[in-house]
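Fold and contact review
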Amino acid sequence: MAKRKTAVPFQGTAEQEKKLREIIEKYKSVPGAVMPVLQQAQEVYGYLPIEVQKIIAEGLDVPLSEIYGVTTFYSQFSLNPKGKYEIRICLGTACYVKGSGNIMQKMEEELGIQDGGITADGKFSLDSVRCIGACGLAPAMVVNGEVYGRMTTDKIRDIIASCE
Amino acid sequence: MNSVAELNALREKYKGSLSLRPISKGGTRDDNIKREILICGGTGCTSSHSTDIIDAFNEEIKKAGVTDTKVVRTGCFGLCELGPIVIVYPEGAFYSKVKVEHVKRIVDEHIVGGNVVKELLYPETIQDDGSIIGIFDTHFYENQCRIALKNCGNIDPENINEYIANDGYAALAKVLTEMTPDEVIEEVKASGLRGRGGAGFPTGVKWGSIKRDDQEKFILCNADEGDPGAFMDCSVLEGDPHVILEAMAIGGYAIGAHQGYIYVRAEYPIAVHRLTIAINQAREYGLLGKNILGTGFDFDIGLRLGAGAFVCGEGTALEASIEGKRGEPRPKPPRMTEKGLFGKPSVLNNVETYANIPQIIMKGAKWFTSIGTEKSPGTKVFCLVGNIKHTGLVEIPMGTTLREIVEDIGGGIPNGKKFKAAQTGGPSGGCIPESLIDTPMDFDNLSKIGTMMGSGGLIVMDEDTCMVDIAKFYLGFTVDESCGKCTPCRIGTKRLLEMLTKVTRGEGTLEMLDEITELCHFIKDNSLCGLGQAAPNPVLSTITHFRDEYVSHVVDKKCPAGVCKALMSYNIDPTKCRGCTLCARNCPAGAVTGKIKEPHVIDPNKCIKCGVCYDNCRFGAIYKA
Ligand SMILES: Cc1cc2nc3c(=O)[nH]c(=O)nc-3n(C[C@H](O)[C@H](O)[C@H](O)COP(=O)(O)O)c2cc1C
Ligand code: SF4
Ligand code: SF4
Ligand code: FES
């Protein structure tokens, strides 16, 4: 579960921080608050930079090392910002036996980034996922929540081009 | 609601709402609805835009001024391959692969005109005499037996009234008013129900092992469904969320718990959404909360989202995750039934296990044991995917053979290819080769042949699949997902992956195959949790059943299936090549040369083995070797 970190400067707004503090307040007394707070914080910021983790650690009165430990443990939590278009390619078994490995390879070539990376202009990020429950339509990929089933390598360019 | 009588009255009131569907309980609709359009809203069909189709139907119906037709969003029917699926009742007309463009025509001709649009029906449903049959009468369902999936595709999962109308919450009412906790446990024991999460532990025995004392206890539902390539639990949650709530309340009553938690994958947004709705509805109706149905029993359920870690499907890791920690397993004992969530005795069961409980209570243990095999009663839901014609969800009696599933239900292997193997048990399981295709599938038979039931992933592979590559794929998964707590798993699987990678690159030796086997056994014997203990299974089972293929990789330096890129090359058959130049134009590496209308050739030194030429040649002139 190695996680790559990039040095993108943190640009959180006061409004985001207000929301985050509200979330922390809501969960403060709930047992096992760390996970839901991190999940909702990621919804607010799109990712979990160390600055956000610090606020959560202080707010919940949990050591930062523990928060960081949790953040890096789960693949859903991202230390990096996501692209304007978040591309996720399923590498679950059903998709893999139908060639999603080639889809990933082709996508990496087209975007010039690797699994887990983001393009320099911040437009696209690329991640692999393990099954999104659409195995019946394998191979599957998702762009900003929109699922593309029965993917083939020759559809990739059109999909990229359709992202404005 | 404060009493069972009120619940029964509600059931009477709404039973007519199902009267047009195959699950009809009699009665008639009292709202002048003469037709219903059921549309699948499971993940599969939603991915193929069933939501747009639902909107389009609502719009077209309104435009046409039709008031006696209702659109219902259901859960998964199981035939995901043919989605989006639209069924019109009372005719039972089954429209497959429906597109938004088709909607107007179906409304105009069928809903308004009263004539089924045969052209858009799933062809198999049209009989020789021109009459039509319903979706559940097609060949795909013929040998299926839907218990856990009883409501999937039959009711609106976001409407508690439909669930109640189809006997929902009757089992909860029965246990709360007519049975003692011990009687509930005895009934579940007698049913022989075994955990559907993979290991097959008898559910009644687990429930019975909780000590009767006044300590706080928890009942948990494992909806983490970590096996990549499987969506059985997802479909139950999406198609019938109330059955899980009802069963957990029954379990809570049996073991003396007043709080339950469902741990569900965040990757299943639709399931999370429907569960949230279901919990709120059940609370509103007084089927969760204080003094349920006036019986004095208090029980509530909370939802916790997983965050993408396979190991969190393991019981103790799941608990750590609910507690907000890193999801690392801990050594057992103490068992979870002694010291579980927040240090309290806890029972964890899988989604599909729960989905069987209400019917066992209503119909009795005897009914349940009459289905399936002696040691594995009941049914199992499999997620049939891979190189198979009908991908989707199937529920079959235990003991059905793999051949029946693949050839009859699944319709065989597409593109005229041959069956090679099927994998069950996901990254913890193994493969079943063709020679064992007649094995009756139940817990014990599958472990005898070196695989396991697992949670129900069933991946069919054809002759173009390289078994070494598949073993490597699963191992890559475990290496990613190992929590890192213990060394045999953390380092061992990594070393194993390195060796397998060498084999796929042609850098392996025969001795290496022995080293691989040895390391597999070491990891199995020394890992702390089930993830590490089972991680070598895909390797061991492929090396046992497909040793020849491993040997080809290390001795002949060939990949017989033509998958491992280092061991294969693309070539052009000069007798088939027409010199159309398509491959030369598409090759990203400039590796193909040749004059127009003359056979082309591939320069192996330039070729990057992308396969574009192979995929695109219209004359089948390009072959792998
Ligand atoms: C690594 C690992 C992953 C698991 N993943 C799941 C899972 O995704 N879903 C599940 O129900 N059980 C999973 N299990 C099995 C659970 O630990 C547990 O046995 C099961 O949830 C108990 O429920 P059952 O008796 O109803 O099957 C997993 C076990 C291990 C070791
Ligand atoms: S076997 Fe693997 S996953 Fe399980 S505790 Fe050890 S390192 Fe973690
Ligand atoms: S496999 Fe790819 S690189 Fe090789 S010849 Fe064909 S198109 Fe060119
Ligand atoms: S394996 Fe890709 S969606 Fe399930």
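Residues numbered from 1 in each chain as written. Chains lettered and ligands numbered in written order. Predicted model: local features only at pLDDT ≥ 70, side-chain atom pairs only at ≥ 80, totals over all residues. Heavy atoms only, no water.

Right, let's get into the domain arrangement of chain B. What the domain assignment lists for chain B is domain 1 (34-137), domain 2 (160-369), domain 3 (379-462), domain 4 (467-556) and domain 5 (569-624). Computed over C-alpha atoms, the centres of domain 1 of chain B and domain 5 of chain B are 44 Å apart. (Domains from an automatic or database assignment.)

All right, on to the layout of surface pockets then. All names here are of chain B. Its boundaries defined by the atoms lining it, the second largest pocket holds a volume of some 1,500 Å³. Lining the second largest pocket are 50 residues; nearest its centre among them are Gly 197, Gly 198, Ala 199, Gly 313 and Glu 314. Elements supplying a minimum of two residues to the lining of the second largest pocket: strand E9 (346-350), helix H17 (443-448) and helix H21 (530-534). The leading source of residues in the lining of the second largest pocket is E9, at five residues. (1 Å grid on protein atoms, 1.4 Å probe; cavity = no way out; pocket = protein on both sides within 12 Å on 5 of 7 lines; lining within 4 Å. Points joined across faces, edges and corners; volume = space filled by probe spheres on them. Helix = DSSP H or I, 4+ residues; strand = E, 2+ residues; numbered from the N terminus.)

As a further point, take the interface of chain B and chain A. On the side of chain A, 35 residues touch chain B, which itself brings 52 residues to the contact. Note on chain B versus chain A: buried area summed over both sides is about 3,500 Å², and carbon and sulfur give 56% of it. Here chain B and chain A share one salt bridge between them. Residue Arg130(A) is joined to Asp480(B) by a salt bridge in which the shortest nitrogen-to-oxygen separation is 2.9 Å. Between the two partners, chain B and chain A, sit 18 residue pairs in polar contact (both at pLDDT 80 or more). (Contact = heavy atoms within 4.5 Å. Buried area = accessible area lost by both parts, 1.4 Å probe. Salt bridge = Lys/Arg side-chain N within 4 Å of Asp/Glu carboxyl O. Polar contact = N/O pair within 3.5 Å; in protein donor to acceptor, adjacent residues only side chain to side chain.)

Let's shift gears to unusual backbone geometry. Cis rather than trans, the peptide bond between Lys332(B) and Pro333(B) has omega equal to -5°. Inspection of the secondary structure assignment puts Pro333(B) in the loop between helix H13 (315-322) and E9. For the peptide bond that leads from Pro333(B) to Pro334(B), omega is 0°, which places it in the cis range. Note that Pro334(B) resides in the loop between H13 and E9. The backbone of Asp61(A) sits at a positive phi, close to 60°, despite the residue not being glycine. Take Asp61(A): its relative accessible area is 70%, and that puts it in the exposed class. (Buried < 20%, exposed > 50% of the residue type's maximum accessible area, 1.4 Å probe, protein only.)

Taken together, the side chains of Lys98(A), Arg150(A), Lys155(A), Lys97(B) and Lys99(B) present a region of like positive charge at the surface. Its place among the elements puts Lys98(A) in the loop between helix H5 (93-97) and helix H6 (100-111). (Patch = residues over 30% accessible without salt bridge, like charges linked within 9 Å, V, L, I, M, F, W, Y side chains within 5 Å. Areas by Shrake-Rupley, 256 points an atom, 1.4 Å probe, with all protein chains shown as cover. Lys, Arg positive; Asp, Glu negative; His and termini not counted. Charge placed at Lys NZ, Arg CZ, Asp CG, Glu CD.)

What follows is about the pairing of strand E14 (residues 457-462) of chain B. Residue and element names in this part refer to chain B. Within E14, six of the six residues are buried, which leaves it mostly tucked inside the rest of the structure. Taken together, the four bridges between strand E10 (residues 379-386) and E14 define a ladder with parallel strand orientation. Each bridged residue has a counterpart across the sheet, and for Leu 384 the counterpart in E14 is Leu 458. When strand E12 (residues 419-424) meets E14, the two strands line up antiparallel, connected through five bridges. Counterpart to Phe 419 in the pairing with E14 is Asp 462. (Pairing = 2+ DSSP bridges.)

Taken domain by domain, chain A comprises domain 1 (14-73) and domain 2 (85-162). Summarising the inter-unit geometry, the C-alpha centres of domain 1 of chain A and domain 2 of chain A are found 29 Å apart.

To continue, consider the pattern of salt bridges. All names here are of chain B. Going through the model one piece at a time under the given rule, you end up with 33 salt bridges over all chains. For Arg 403, the salt bridge identified is with Glu 407, shortest N-O distance 3.2 Å. Of this pair, Arg 403 and Glu 407 both sit in helix H16 (residues 402-409), four residues apart, roughly one helical turn. One salt-bridge network, in which partners are shared between bridges, spans Arg 21, Arg 29, Asp 31, Glu 36 and Glu 162.

Turning our eyes to something else, we now look at the site of ligand 1. Residues and elements named next belong to chain B. Neighbouring ligand 1 are 18 residues, the closest being Gly 197, Asn 222, Gly 226, Asn 350 and Thr 353. Measuring from an oxygen atom of ligand 1, one finds a side-chain N or O atom of Lys 206 at 3.0 Å. Measuring from an oxygen atom of ligand 1, one finds a backbone N or O atom of Glu 225 at 3.1 Å. Considering ligand 1 on its own, with 600 Å² of exposed area, one finds that the protein chains cover 86% of that surface. The cavity where ligand 1 resides is the second largest pocket. Only E9 and H21 provide two or more residues apiece to the shell around ligand 1. The element that contributes the greatest number of residues to the shell around ligand 1 is E9, accounting for three residues. Taken together, the residues that form the shell around ligand 1 break down as three nonpolar, ten polar and five charged. (Near = heavy atom within 4 Å. Sits in = over half its atoms within 2 Å of the grid points. Nonpolar A, V, L, I, M, F, W, Y, C, P; charged D, E, K, R; others polar.)

The next subject is H16(B). An α-helical turn contains 3.6 residues, so any two residues separated by three or four positions project in the same direction. Residue and element names in this part refer to chain B. Residues of H16 that are buried: Leu 402, Ile 405, Val 406 and Ile 409. Each buried residue of H16 lies within a common arc of 120° when the element is viewed along its axis, so the set occupies one face. Buried residues belonging to H16 abut helix H5 (139-142), E10, strand E11 (392-397), E12, strand E13 (430-433) and E14. Positioned one or two residues after H16, Gly 411 has a phi angle of 75°, which is positive. (Arc of directions from axis to C-beta.)

Attention shifts here to H6(A). Residues and elements named next belong to chain A. If you check H6, its first and last C-alpha atoms are 16 Å apart, about what twelve residues at 1.5 Å a residue would give, namely 16 Å. For H6, the full list of buried residues reads Ser 100, Ile 103, Met 104, Lys 106, Met 107 and Leu 111. Buried residues of H6, seen end-on, are gathered within an arc of 165° and therefore sit on one face of the element. On its buried face, H6 sits against strand E1 (85-90), H5, strand E2 (124-129), strand E3 (141-143) and helix H7 (156-161). Following H6 by one or two positions, Gly 112 adopts a phi angle in the positive range, close to 70°. (Expected span 1.5 Å × (residues − 1).)

Another point: the sheet that holds strand E6 (residues 259-264) of chain B. All names here are of chain B. Strand order across the open sheet formed by five strands is E7-E8-E6-E5-E9, with mixed pairing between neighbours. Where the open sheet ends on each side, the last strands, each with one partner, are strand E7 (289-292) and E9. Averaged over neighbouring strand pairs, the angle between their axes works out to 25° when direction is ignored. In this structure, E7 lies alongside strand E8 (residues 297-305), joined through two bridges in antiparallel fashion. (Axes fitted to C-alpha atoms, helices over the stretch in contact; angles between N-to-C directions.)

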